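Residue-level structure breakdown
So the chains spell out like this:
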Amino acid sequence: MQFENFLTKDGKRILTYEYVDKLRSLEKHDKYVIPNRGGQEIVASTNADIRVYGGQRGGGKTFIEVFESIKDLDRPQFKGYIFRKKKDDFKTIIDTANTLLAPFGTYNKSQSDMAWTFQSGGELMFRHFEDNSLEDFKDRFQGREMPYIGIDEATQIPYLFFKYLLTCNRNAAGITNRVMLTCNPDPDSWLATFIDWWIGEDGLPISSRNGVVRYCFMRGDTPNDIVWGDTREEVYQLCRNEIDRYWDDKFSAFTTPQEMFIKSVTFIKGALLENEVLIKSDPSYYANLVQQDDEQRARDLDGNWKYKSVGTELITTEDIDRMMQGTAVGDDFRCVTCDVAFEGGDNAVLYLWVGYHIADIAVVRVNSKDFVQVVKSFLERHNVLQEHFSYDVGGVGQYLKGYFPLAIPFNNFGVPTNGDRVLYDSLKSEMAYKLLLKIKDGSISIAKNLQEQRYSTKKHKDIYLKDIIMMERKAFKRADNGNKNWALITKKEMIRILGWSPDFLEAMITRMIFDVDNKKDKKTLPKIKGLNLI
């Protein structure tokens, strides 16, 4: 049978599932746009206010994110938005939209206004959020009505950006408001906390909870503040005092406190093997995922939200976002720190610090002789004495000793400043811990103009400084040494995680050596056991 025996509210006939499944099984069905069996079907049919579709790579997340707009393309008041971090990241979304939406409208290719305009007058717009502070982001979208919001790679959007978008998820045209977040697993993201109920202790989605709808009241500024329950009524009773304070009896003519204030949420697992079109057209994609390292394979192929290859990650994406949005903190003490490298190796990174604010940076790959001149010029340009210059003395850093005799050579493996290894396993671990505290309390910041400068690592070319630091945070981990003492994982382990040396982050660790002595106006630091150990 082709059609059901009932109609939609607006009189349209409804195809039976059996008939749709038959169309899907045809070798060629280019004229039909049909979600895959499994995850895509569940996402397309859920009524949850917020639906998170995530898990394995290749599960068809981009398809369903664009497909969602088709439901309202005949509504002239429809305004859909799909967000990504970078403006340059929309290629796959645009290609998918060209395939799905071409019969229904036209695409404006302008980089300043990427949008589909449907024949009805409705729109689907593509917007990025990378270059904005929270206040800038609010200013851009204040007053906008967004009945449909899609957030691609949602682990990359700051939580408070996401919460603000919820205030825009509204309309006066009777269109169903909904938000879709698509993602691959990231155990250190706010989203991992948000969907924790749907994820097992092993990090894998719990099959019996796949697509199950829960309810929440989103108080506070972090996902840990959210109040959850299995029903709207359960959440309402937990938050009744807070909700009732803002309830007005005028609302009772068209809604209830439970419906008005409490969001419904679901998580749906995306699975590569459900995407038969991709598997048939490019079976090597699956094989390539199998051949990644253990951590990448666990996340991209197994869809594991808790797998970490080594150590405990300490710096969150929110920490880095706060660092990028912060302003200068601390006194006007000026110093320069350096992670040393020469031509043919990693990046040599020099930071100028004013208090705990990075005011300038130099990143070079030159030979040892030229590097000495780079350092001298950097110090002279910023009026920094040798005494206020510190560099890692291990390896090639030894070369600088003769040229900067008054500088502070930082020995990563030196004894901590208290003279023993009971609390910390090394001087580097001690300084890393102290840097972590400064990052957590929002003291560390980077000048806005530096964040937009582009640099390269051994795996990436010409990417923003802020993106490099966001990636390198993943290598800032506490070693699992049975709580013997506080230890940072080894440089070798860091390189294995990232694929390159975390030069930008390591140059930050060195900054904390100047906090050993608070009298920074002295010409030299006092002799501290382990500090100058070579």
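The model shown is predicted, which means the values in this text are computed figures rather than measured ones.

This brings us to the sheet that holds strand E16 (residues 357–364). The sheet built from six strands is open, its strands ordered E18-E17-E14-E15-E16-E19 with mixed pairing. Strands with a single pairing partner mark the edges of an open sheet, and in this sheet they are strand E18 (408–410) and strand E19 (445–446). Bridging between E16 and E19 involves two bridges; their strand directions are parallel. Counterpart to His357 in the pairing with E19 is Ser445. Running over the sheet, helix H15 (residues 368–381) touches strand E14 (334–339), strand E15 (348–354), E16 and strand E17 (389–392) and is turned about 10° from E15.

Before going further, it helps to spend a moment on the sheet that holds strand E5 (residues 105–108). Note: strands within a sheet are paired through backbone hydrogen bonds, in either parallel or antiparallel orientation. The 10 strands lie next to each other as E5-E6-E7-E4-E8-E9-E3-E12-E10-E11, forming an open sheet whose pairing is mixed. Edge strands, defined here as strands with exactly one partner in the open sheet, are E5 and strand E11 (227–229). Sheet twist, expressed as the average angle between the axes of neighbouring strands with direction ignored, equals 20°. Summarising the sheet, E5 and strand E6 (residues 115–118) pair through four bridges and their orientation is antiparallel. Bridging from a neighbouring strand, Gly105 pairs with Phe118 of E6.

Of all hydrophobic cores here, the largest spans 51 residues; its most connected members are Tyr351, Ile446, Ile469, Phe476, Phe504 and Met508. Looking at this core, the elements that each hand over two or more residues are helix H14 (317–325), E15, E16, E18, helix H16 (427–440), helix H18 (465–472), helix H19 (491–498) and helix H20 (503–509). In terms of residue count, the dominant contributor to this core is H16 (six residues). Aside from chain neighbours lying at most four places away, what touches Ile446 is Met323, Met324, His357, Ile358, Gln451, Leu465, Ile469 and Met508. Counting 39 residues, the second-largest nonpolar core is a separate cluster that includes Phe129, Ile151, Tyr164 and Cys216.

This next bit is on the environment of Arg496. Position of Arg496 among the secondary structure elements: in helix H19. A relative accessible area of 54% means that Arg496 is categorised as exposed. C-alpha separation for the pair Arg496 and Ala475, spaced 21 residues apart in sequence, amounts to 9.0 Å.

This part takes up H16. Taking 1.5 Å per residue, 14 residues should reach 20 Å; H16 reaches 20 Å between its end C-alpha atoms and fits that length. Within H16, the full set of buried residues consists of Leu427, Lys428, Ser429, Glu430, Met431, Ala432, Leu435, Leu436 and Ile439. Those residues of H16 that are buried lie in contact with H14, E18, H19 and H20.

Time to look at the side chain of Thr457. Within the fold, Thr457 resides in the loop between strand E20 (454–455) and strand E21 (463–464). Discounting chain neighbours no more than four positions away, the residues touching Thr457 are Asn347, Arg365, Ile468 and Trp500.

Summarising burial for strand E10 (residues 213–217): four of the five residues are buried, a large majority. Pairing geometry for E10 and strand E12 (residues 263–270), over four bridges, is antiparallel. Bridge assignment links Tyr215 to a residue of E12, and that residue is Ser264. Examined bridge by bridge, E10 and E11 share three bridges and lie antiparallel to one another. Residue pairing in the sheet places Phe217 in a bridge with Val227 of E11.

Looking now at the confidence of the model for the protein chain. Confidence along the protein chain averages 87 in pLDDT terms, with 93% of residues attaining 70 or more. The secondary structure element of the protein chain with the lowest average pLDDT is strand E13 (residues 312–313), at 68, and the one with the highest is strand E8 (residues 148–151), at 98.

Turning next to the side chain of Lys428. Within the fold, Lys428 resides in helix H16. By relative accessible area, which is 11% here, Lys428 ends up buried. If we ignore the near neighbours within four places in the chain, the residues touching Lys428 are Phe410, Asn412, Leu488, Met494, Glu506 and Ile509.

This part takes up unusual backbone geometry. Although it is not a glycine, Glu153 sits at a positive phi angle of roughly 50°. Looking at the secondary structure, you find Glu153 in the loop between E8 and helix H6 (159–168). Positive phi, normally seen in glycine, also occurs at Asp462, with a value near 50°. Structurally, Asp462 can be placed in the loop between E20 and E21. We classify Asp462 as partly exposed; its relative accessible area is 49%.

Now for the packing of aromatic side chains. Tallied over the full model, the rule gives 33 aromatic pairs. Measuring from ring centre to ring centre gives 5.6 Å for Phe90 and Phe126, while their planes differ by 20°; the resulting arrangement is stacked. On the criterion of sequence distance, the pair formed by Phe90 in the loop between strand E4 (79–84) and helix H4 (91–101) and Phe126 in strand E7 (residues 123–128) is long-range, its members being 36 residues apart. Three or more aromatic residues link up through ring pairs in this structure, and these residues are Tyr81, Phe83, Phe129, Phe137, Phe141, Phe161 and Tyr164. Positioned above the aromatic ring of Tyr464, the side-chain terminus of Lys466 is 5.9 Å from the ring centre. The cationic tip of Arg511 hangs over the ring face of Trp353; the distance from NZ or CZ to the ring centre is 5.9 Å.

Parameters at a glance
Each residue is numbered by its place in its chain's sequence as written, counting from 1. Whole-chain, interface and lining totals are the exception, using all residues; otherwise, since this is a predicted model, local features are given only for residues with pLDDT of at least 70 and side-chain atom pairs are given and counted only at 80 or more. Just so you know, side-chain values use all the structure's heavy atoms and leave hydrogens and water out. Strand pairing is assigned whenever DSSP identifies at least 2 bridges connecting the two strands. Here a helix means four or more residues in a row that DSSP labels H or I, a strand means two or more in a row labelled E, and each is numbered from the N terminus. Residues are treated as being in contact if the distance between any of their heavy atoms lies within 4.5 Å. Think of each axis as a best-fit line through the C-alpha atoms, taken over the contacting stretch in the case of a helix, with angles from 0 to 180 degrees between the N-to-C directions. Here, nonpolar core means buried Ala, Val, Leu, Ile, Met, Phe, Trp, Tyr and Cys residues that are tied together by side-chain atoms lying within 4.5 Å of each other. Exposure is judged per residue with a 1.4 Å probe applied to protein chains only, and the accessible area is read against the type maximum: over 50% gives exposed, under 20% gives buried, and values in between give partly exposed. What a helix should span is 1.5 Å times the count of its residues minus one. For every residue, the predictor assigns a confidence score, pLDDT, that lies between 0 and 100. Under the pairing criterion, centres of Phe, Tyr and Trp rings, with the six-membered ring standing for Trp, must be within 6.5 Å; the plane angle then separates stacked pairs below 30 degrees from edge-to-face pairs above 60, leaving the rest tilted. Charge-over-ring placement is defined geometrically: NZ (Lys) or CZ (Arg) within 6 Å of the ring centre, and within 35 degrees of the ring normal.

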